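Here is what each chain is made of, one letter per residue.
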Amino acid sequence: MAIRLGLSLPQAQQYDIGRDVPDVARTAERIGYESFWVYERALFPEPATQGLYGIEGMPWPEMYRGVPEPLVTLTLAVSATERARLGTSVLVAPLHNPFQLAKTLATLDAASGGRVVAGLGTGWSLDEYAAAGVAPFEERGKVLDEVIDVCRAVWGPDPVSYEGPHSKVASAAVSPKPARPIPILVPTNSKTAMTRLVDRLDGWMPIAMGAEQLAAQWRQLRDLAAERGRTEPIQAVVRINPQYSAKAYDGPDRAAFQGSADQIVEDLAAHVVEGLDEFFFEFQGLARDAEELKDIAAEVYEAVRAAGI
């Protein structure tokens, strides 16, 4: 069976969000893409106060300057598409009021006919936490747990009741409900995050940085699931950050997913293992405009399918 392919929606500065998001989503669904993805970057500190990912001295990429709000971006794709799933990879959950986030995701899922995937994470930017003012950075793991609890309560049957450190719902009707249970996926950068996933959540959102590394991480996660008695399958959606070029890259130091469409397909084939059957491409930062983004997306999709993947 063919793997499922997804595409990041245009959120970088070179795009006209209101025009290009629906256009790219509509065209990409026609090409055959089965999911569309957005990410969250709430602000761009200037001057920088913290390195990228919290690593001292590492600059933030210009692509992170002026990123549109992710759920608004997904909303623009709802009426332009009919089948594709609409996901966040990832939404920094502790930057949001838990109750309001749960209600917004439920509304989006109801509007889309049950196509939302909630990819949630804790983030790393101290400046974003300070600006959001929801919770301290030091409590990010606990707040993520509360967001998950609130979502499950709000998405469940009425009357909804919940009491936690940041949210309290005292027996209320909360609608609209999601069209179906919204899957919650997370990345896992620690044993704590892996355990949270295995015990409470639906799936995993890794980044493809090498076939052997990805396969090893997948084995580790499944081994932990078996150890903790999980019987439900773990969904997985793998993010690919390619360095696409029109011509093949001939250097001996070629990184994974660097080069032409055929080279990207070759690397994708190496990353496909049992249980990892959905991948999405982050091409938006490589394209000059929406037309080029659609052209790249079409070329790579056709190359993947032609290869029988």
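Conventions adopted
- Residues numbered from 1 in each chain as written.
- Predicted model: local features only at pLDDT ≥ 70, side-chain atom pairs only at ≥ 80, totals over all residues.
- Heavy atoms only, no water.
- Helix = DSSP H or I, 4+ residues; strand = E, 2+ residues; numbered from the N terminus.
- Buried < 20%, exposed > 50% of the residue type's maximum accessible area, 1.4 Å probe, protein only.
- Contact = heavy atoms within 4.5 Å.
- Areas by Shrake-Rupley, 256 points an atom, 1.4 Å probe, with all protein chains shown as cover.
- Lys, Arg positive; Asp, Glu negative; His and termini not counted.
- Charge placed at Lys NZ, Arg CZ, Asp CG, Glu CD.
- Patch = residues over 30% accessible without salt bridge, like charges linked within 9 Å, V, L, I, M, F, W, Y side chains within 5 Å.
- Salt bridge = Lys/Arg side-chain N within 4 Å of Asp/Glu carboxyl O.
- Core = buried A, V, L, I, M, F, W, Y, C linked by side-chain atoms within 4.5 Å.
- Pairing = 2+ DSSP bridges.
- Right-handed = clockwise from strand over helix to strand, strands pointing away.
- Polar contact = N/O pair within 3.5 Å; in protein donor to acceptor, adjacent residues only side chain to side chain.
- Axes fitted to C-alpha atoms, helices over the stretch in contact; angles between N-to-C directions.
- Parallel < 35°, antiparallel > 145°, perpendicular 65-115°, else oblique.
- Nonpolar A, V, L, I, M, F, W, Y, C, P; charged D, E, K, R; others polar.

Overview of the overall build of the protein chain
And then number 1: Scanning the protein chain from terminus to terminus reveals nine helices and 14 strands.
And then number 2: Taken along its principal axes, the extent of the C-alpha atoms in the protein chain is 60 × 45 × 45 Å.
And then number 3: Taking all 309 residues of the protein chain together, the buried fraction comes to 52%.
And then number 4: Within the protein chain, counting contacts between residues at least 6 apart in sequence, those at least 24 apart form 70% of the total.
And then number 5: Split by element, the accessible area of the protein chain, about 14100 Å² in all, is 51% carbon and sulfur.
And then number 6: Averaging the locations of the 29 positively and 42 negatively charged side chains of the protein chain gives two centres separated by 5 Å.

Observations concerning a nonpolar patch on the surface
And then number 1: Together, Tyr 53, Ile 55 and Met 58 make up an exposed nonpolar region whose accessible area comes to about 280 Å².
And then number 2: Here Ile 55 lies in the loop between strand 2 (35–38) and helix 2 (70–78).
And then number 3: With relative accessibility at 40%, the residue Ile 55 sits in the partly exposed group.

Things to note about the nonpolar core
And then number 1: In terms of nonpolar packing, the biggest core is built from 81 residues, with Tyr 33, Leu 268, Phe 281 and Phe 283 touching the most fellow members.
And then number 2: With nine residues, helix 5 (residues 140–155) is the largest single contributor of residues to this core.
And then number 3: With seven residues, the next largest nonpolar core counts Phe 44, Leu 52, Val 67 and Trp 124 among its residues.

Focus on the pairing of strand 3 (residues 85–88)
And then number 1: Neither face of strand 3 is open: one carries Arg 85 and Gly 87, the other Leu 86 and Thr 88, and all of them are buried.
And then number 2: Where strand 2 and strand 3 come together, four bridges link them in parallel fashion. Within strand 3, the residue paired with Phe 36 across the bridge is Leu 86.
And then number 3: Traced from strand 2 through helix 2 to strand 3, the parallel crossover comes out right-handed.

Quick look at the side chain of Arg 239
And then number 1: By secondary structure assignment, the location of Arg 239 is in strand 11 (residues 238–240).
And then number 2: For Arg 239, a relative accessible area of 12% puts it in the buried group.
And then number 3: A distance of 2.8 Å separates a polar atom in the side chain of Arg 239 from a polar atom in the side chain of Glu 282.
And then number 4: Once residues within four sequence positions are removed from consideration, Arg 239 is found in contact with Ser 89, Pro 206, Ile 207, Ala 208, Phe 280 and Glu 282.

A word on a negative patch on the surface
And then number 1: Together, Asp 262, Glu 266, Asp 289, Asp 295, Glu 299 and Glu 302 make up a negatively charged patch on the protein surface.
And then number 2: Residue assignment for the negative patch shows that the elements contributing at least two residues are helix 8 (261–271) and helix 9 (290–306).

Structural notes on the packing of helix 2 against helix 3 (residues 98–112)
And then number 1: Relative orientation of the contacting elements helix 2 and helix 3 amounts to 10°, with a least axis distance of 10 Å. What the angle tells us is that helix 2 and helix 3 run roughly parallel. Judged by residue contacts, Leu 71, Leu 74, Thr 75 and Val 78 of helix 2 engage Leu 101, Thr 104, Leu 105, Leu 108, Ala 111 and Ser 112 from helix 3.
And then number 2: Looking at side-chain class alone, the contact of helix 2 with helix 3 contains seven nonpolar, three polar and no charged residues.

Focus: the side chain of Ser 89
And then number 1: Along the chain, the position of Ser 89 falls in the loop between strand 3 and strand 4 (91–92).
And then number 2: Excluding anything up to four places from it in sequence, Ser 89 contacts Trp 37, Val 38, Tyr 39, Met 205, Arg 239 and Phe 280.

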